[in-house]
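# Overview (structure and organization)
Chain residues, written in single-letter form:
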Amino acid sequence: MNKKIAVLAGDGIGPEVTKEARKVLDAIAKKYNHTFEYQEADAGAIAIDRHGDPLPSSTLEICKNTDAVLFGAIGDPKYDNDPEAKVRPEQGLLKLRKELQLFANLRPVMAFDSILDLSPLRENRIKGCDFIIYRELTGGIYFGEKKEDDGSGKASDLMYYEEEEIQRIAKLAFEAAQNRRKKITLVDKANVLASSRLWRKVVQKLASDYPDVTLDFLFVDNAAMQVILNPSQFDVILTSNMFGDIISDEASTISGSLGLLPSASIGVSSSMFEPIHGSYPQAKGQDIANPMAAILSAAMMLEHWNLFDEANSIKEAVNTCLENNYATVDINPGSAKKCSEVGDYIVHNILKD
Ligand code: IPM
Ligand code: MG
């Protein structure tokens, strides 16, 4: 297979972890005889510094003309604490999602057997836990009409959804559930929000096309509690943009490190793969960040291309790493390995058989 991949390494630790993901993709290309071509482009704070724009049009062009986007991380503290900043790195990411119509964000959450003790949650609660969050990514309160404070002391963000936006992600979630344990939990706030009641209506109607899938509902406040109390009850969580943002960070506590969780954003004709962690500016340039989330995001990209053996080869190599405690400081503070060493070891495990 011959694929062109846009690489948007971004800010903070983005470039370091993305470099390891590329190393791993190169190993896969070698082992399975594929050709992956990379095209690098700027996004985020680095793009503001260089071009005055967190998503320059040249970057967008590259993303539109490649088979997938491999994304690092964006964000820089110099923008975080300045509510007056006119341009922000995050705007680049949001624009990219919108422009590429990446409407479905998939965030798998699992407990890795060899590091159950890392989670702040009790082992017996998280063992065997394996679910995936389908978060709507191009609508809702993130993209509804905004009224900034103009000095009047008033501001608002509109949570707006249309039936089609709900339908297209719900379909993907139902299909995923059919290939998993056949259960969907719709997380919403239908006791209060009109947009949530639309979600229920649309999803309930769609459910009749998938009679083998059980549909369940949880209000988001209860869901936030259930993710901690009894995460094993979940198979596929389907939810709107902001609820998915919040629940997915919370769910990452199950794996014990944010540095382990990958994500895929699937669109009409584009797709993007990125670790769920942020730019972790404190660790920038130190070669200490965990590259596993970026590497597992590359595995999700291969799965998206139906390269399942290749993706499994990466996942097994990451598991071997964890079993042997060959890991960065977030997982193995006692004898921490470097980001690049972990990448090398994963490559070694992929190529050894
Ligand atoms: C995420 C992040 C982004 C979001 C930020 C960086 C805009 O938190 O991908 O979860 O809120 O979607
Ligand atoms: Mg988030």
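For clarity, every value in this text was computed on a predicted model and none was experimentally measured. (Residues numbered from 1 in each chain as written. Chains lettered and ligands numbered in written order. Predicted model: local features only at pLDDT ≥ 70, side-chain atom pairs only at ≥ 80, totals over all residues. Heavy atoms only, no water.)

Consecutive side chains along a regular strand alternate between the two faces of the sheet. Most of strand β5 (residues 130–136) is tucked away, with six of its seven residues classed as buried. Where strand β4 (residues 104–110) lies against β5, seven bridges are found, and the strand directions are antiparallel. Within β5, the position partnered with valine 109 by the bridge is phenylalanine 131. Relative to strand β10 (residues 236–239), β5 runs parallel, the two sharing four bridges. If you follow isoleucine 132 over to β10, its bridge partner there is valine 236. (Buried < 20%, exposed > 50% of the residue type's maximum accessible area, 1.4 Å probe, protein only. Helix = DSSP H or I, 4+ residues; strand = E, 2+ residues; numbered from the N terminus. Pairing = 2+ DSSP bridges.)

Attention now goes to the pattern of salt bridges. Under the defined criterion, the tally for this structure stands at 19 salt bridges. As a salt-bridge pair, glutamate 274 and arginine 97 come within 4.0 Å of each other at their nearest N and O atoms. Note that glutamate 274 is positioned in strand β12 (residues 271–275) and arginine 97 in helix α5 (residues 89–99), a separation of 177 residues in sequence. Under the relative-accessibility criterion, glutamate 274 is labelled buried at 6%. When salt bridges that share partners are traced, they join Asp130, Arg180, Arg181 and Asp235 into one network. (Salt bridge = Lys/Arg side-chain N within 4 Å of Asp/Glu carboxyl O.)

Once that is clear, we can look at the site of ligand 1. The full set of residues close to ligand 1 is Glu90, Arg97, Arg107, Arg135, Tyr142 and Asp245. At a separation of 2.7 Å, an oxygen atom of ligand 1 approaches a polar side-chain atom of arginine 97. Contact between ligand 1 and arginine 135: an oxygen atom at 2.8 Å from a side-chain N or O atom of the residue. Expressed as a share of its isolated accessible area of 320 Å², the protein-covered part of ligand 1 is 75%. A class-by-class count of the residues in the shell around ligand 1 yields one nonpolar, no polar and five charged. (Near = heavy atom within 4 Å. Polar contact = N/O pair within 3.5 Å; in protein donor to acceptor, adjacent residues only side chain to side chain. Areas by Shrake-Rupley, 256 points an atom, 1.4 Å probe, with all protein chains shown as cover. Nonpolar A, V, L, I, M, F, W, Y, C, P; charged D, E, K, R; others polar.)

Let us look at the sheet that holds strand β9 (residues 214–219). Backbone hydrogen bonds are what pair the strands of a sheet, in a parallel or an antiparallel way. Within the open sheet, the ten strands sit side by side as β2-β1-β3-β12-β11-β4-β5-β10-β8-β9. Their pairing is mixed. If you trace the sheet from one side to the other, it starts and ends with β2 (35–40) and β9, each paired once. Mean inter-strand twist for the sheet, computed between neighbouring axes without regard to direction, equals 25 degrees. Across the sheet, helix α3 (residues 57–64) lies against β1 (2–10), β2 and β3 (68–73), angled at about 150 degrees from β1, the strand it touches most. The strands touched by helix α10 (residues 241–251) are β4, β5, β8 (183–188) and β10; relative to β5, the strand with the most contacts, the crossing angle is about 150 degrees. (Axes fitted to C-alpha atoms, helices over the stretch in contact; angles between N-to-C directions. Contact = heavy atoms within 4.5 Å.)

For the rest of this paragraph, the subject is α3. The complete set of buried residues in α3 reads Thr59, Leu60 and Cys63. All buried residues of α3 project into a common sector of 100 degrees when viewed along the axis, lining one side. Looking at the packing, one finds that the buried side of α3 touches β1, β3 and α5. (Arc of directions from axis to C-beta.)

What follows concerns the packing of aromatic side chains. All chains considered together, the criterion is met by five aromatic pairs. Note on phenylalanine 174 and tyrosine 210: the rings are 4.7 Å apart at their centroids and 10 degrees apart in plane angle, and the pair reads as stacked. Of this pair, phenylalanine 174 sits in helix α7 (residues 163–178) while tyrosine 210 sits in the loop between α8 (194–207) and β9, placing them 36 residues apart in sequence. You can call phenylalanine 174 buried: its relative accessible area is 0%. A relative accessible area of 10% means that tyrosine 210 is categorised as buried. Positioned above the aromatic ring of phenylalanine 143, the side-chain terminus of lysine 98 is 4.7 Å from the ring centre. (Phe/Tyr/Trp six-rings, centres within 6.5 Å; stacked < 30°, edge-to-face > 60°. Lys NZ or Arg CZ within 6 Å of the ring centre and 35° of its normal.)

The next point concerns the packing of helix α12 (residues 308–323) against helix α13 (residues 339–351). In a packed pair of helices, the relevant descriptors are the angle between the two axes and the axis-to-axis distance. Closest axis-to-axis distance for the α12/α13 pair is 9 Å, and the angle between their directions is 120 degrees. Considered as vectors, α12 and α13 are oriented oblique to each other. The handedness of the crossing between α12 and α13 comes out as right-handed. Listed contacts from α13 to Ser313, Ile314, Ala317, Val318, Thr320 and Cys321 of α12 are Val342, Tyr345, Ile346, Asn349 and Ile350. Grouping the constituent residues of the contact of α12 with α13 by class yields eight nonpolar, three polar and no charged. (Parallel < 35°, antiparallel > 145°, perpendicular 65-115°, else oblique. Left-handed = near helix turned anticlockwise from the far one by under 90°.)

Now for the domain arrangement of the protein chain. If you check the domain split of the protein chain, you get domain 1 (1–100 + 270–353) and domain 2 (105–260). The straight-line distance from the C-alpha centre of domain 1 to that of domain 2 is 23 Å. Contact residues are listed per partner, giving 15 residues for domain 1 and 19 residues for domain 2. Interface of domain 1 and domain 2: buried area, both sides summed, is about 1600 Å²; carbon and sulfur atoms make up 70% of it. (Domains from an automatic or database assignment. Buried area = accessible area lost by both parts, 1.4 Å probe.)

Next up on the list: a negative patch on the surface. A cluster of acidic side chains, namely Glu84, Glu148, Asp149 and Asp150, defines a negative patch on the protein surface. Position of glutamate 84 among the secondary structure elements: in the loop between α4 (77–80) and α5. (Patch = residues over 30% accessible without salt bridge, like charges linked within 9 Å, V, L, I, M, F, W, Y side chains within 5 Å. Lys, Arg positive; Asp, Glu negative; His and termini not counted. Charge placed at Lys NZ, Arg CZ, Asp CG, Glu CD.)

Here helix α11 (residues 292–304) crosses α12 at 160 degrees, and the two axes come no closer than 7 Å. Judged by the angle between their axes, α11 and α12 are roughly antiparallel. Considering only the axes of α11 and α12, their crossing is left-handed. Contacts between α11 and α12 involve Met292, Ile295, Leu296, Ala299, Leu302 and Glu303 from the first element and Phe308, Glu310, Ala311, Ile314, Lys315, Val318, Cys321 and Leu322 from the second. Its residues placed into classes, the contact of α11 with α12 shows eleven nonpolar, no polar and three charged.

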